[in-house]
Amino acid sequence: MSMGKIIFYEGRNFMGRSWESSGDCSNMSAYLNCCYSCRVESGCWMVYDRPNFMGNQYFLRKGEYNDYINTWGMNGWIRSCRWIPMYSGPYKMRLYPREHFMGQMMEMSDDCDSFMDRYNWSHGCMSCHVTDGHWLMYEYPHYKGRMWYFGPGQYRNFRHMMGMSGMRFMSMRRIMDSWYK
């Protein structure tokens, strides 16, 4: 399996000192004093504004990001990054309207632009179990607001996991293999 490649720069517009990564990095401060721009050479990535894959998350795919702070309104610079492996098999996730897998379970294998419209879940999704694929979940319907990456695994309590009270998700989409090109 080939890894991705991303280059981070201390200054905007790809200026200053740079550092290249081909995999996860939980704390970029060992390599750069700050990071205000990056270039994705290959793969898909999540970048975080706090160390240890915490804080606000942003999804990146191949391209140039010359000043993401002004583009996304980040409260700081990129502090950690996670490479998302390419996946081309079937997608499957079980969603629950309450924490700890409580409430009526719904099984998903495709994108959903509104849990409210599809399932009448006015409070969104509060826990999930990803069995296959890689997913992005969004705070609001129609893929808007803060996003969070979900790879295979069990996620019992979004509030506890993210350290944000009241965090819930209202839409989701698959990270497709076509996004890597």
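- Naming follows an unreviewed UniProt entry, where the chain appears as Beta/gamma crystallin 'Greek key' domain-containing protein of Tachysurus vachellii.
- As stated in UniProt under Sequence similarities (unreviewed entry), the record for the chain gives "Belongs to the beta/gamma-crystallin family."
- You can read under Function (unreviewed entry) in the UniProt record for the chain the words "Crystallins are the dominant structural components of the vertebrate eye lens."

**Regarding the pattern of salt bridges**
Then step 1. Considering all chains together, one arrives at nine salt bridges under this definition.
Then step 2. Of the charged contacts, one joins arginine 12 and aspartate 67 as a salt bridge, the two residues approaching to 3.0 Å between their closest N and O atoms. Taken together, the residues arginine 12 in the loop between strand 1 (5-9) and strand 2 (18-21) and aspartate 67 in the loop between strand 6 (63-65) and helix 1 (68-72) connect sequence positions 55 residues apart.
Then step 3. On the accessibility criterion, aspartate 67 (16% relative accessible area) is buried.

**Concerning the state of the cysteines**
Then step 1. Per the counting criterion, the structure on display carries zero disulfides.
Then step 2. Cysteine 112 takes part in no disulfide bond, and the closest cysteine sulfur to it belongs to cysteine 125, at a distance of 9.7 Å.
Then step 3. The cysteine cysteine 128 is free of any disulfide, with cysteine 125 supplying the nearest cysteine sulfur at 5.4 Å.
Then step 4. On the basis of relative accessible area, cysteine 128 is assigned to the buried category, the value being 0%.

**Overview of the pairing of strand 11 (residues 135-140)**
Then step 1. Most of strand 11 is tucked away, with five of its six residues classed as buried.
Then step 2. One ladder, built from five bridges, connects strand 11 with strand 12 (residues 144-150); its direction is antiparallel. Paired with methionine 137 across the bridge in strand 12 is tryptophan 148.
Then step 3. Hairpin geometry of strand 11 and strand 12 is characterised by an intervening segment of three residues between the two adjacent antiparallel strands and by a positive phi of about 65° at histidine 142.

**Looking at the sheet that holds strand 8 (residues 92-96)**
Then step 1. On the basis of which strands lie adjacent, the open sheet formed by four strands has the order 9-8-10-13 and antiparallel pairing. Either end of the sheet is taken by a strand with one partner, and the two such strands are strand 9 (106-108) and strand 13 (153-155). In this sheet, neighbouring strand axes are inclined to one another by 15° on average, regardless of whether the strands run parallel or antiparallel.
Then step 2. Relative to strand 13, strand 10 (residues 127-132) is paired through three bridges, and the arrangement is antiparallel. Bridging from a neighbouring strand, histidine 129 pairs with glutamine 154 of strand 13.

About the cut-offs
- Residues numbered from 1 in each chain as written.
- Predicted model: local features only at pLDDT ≥ 70, side-chain atom pairs only at ≥ 80, totals over all residues.
- Heavy atoms only, no water.
- UniProt positions renumbered as here; feature names shortened; annotations may be inferred.
- Salt bridge = Lys/Arg side-chain N within 4 Å of Asp/Glu carboxyl O.
- Helix = DSSP H or I, 4+ residues; strand = E, 2+ residues; numbered from the N terminus.
- Buried < 20%, exposed > 50% of the residue type's maximum accessible area, 1.4 Å probe, protein only.
- Disulfide = S-S within 2.5 Å.
- Pairing = 2+ DSSP bridges.
- Axes fitted to C-alpha atoms, helices over the stretch in contact; angles between N-to-C directions.

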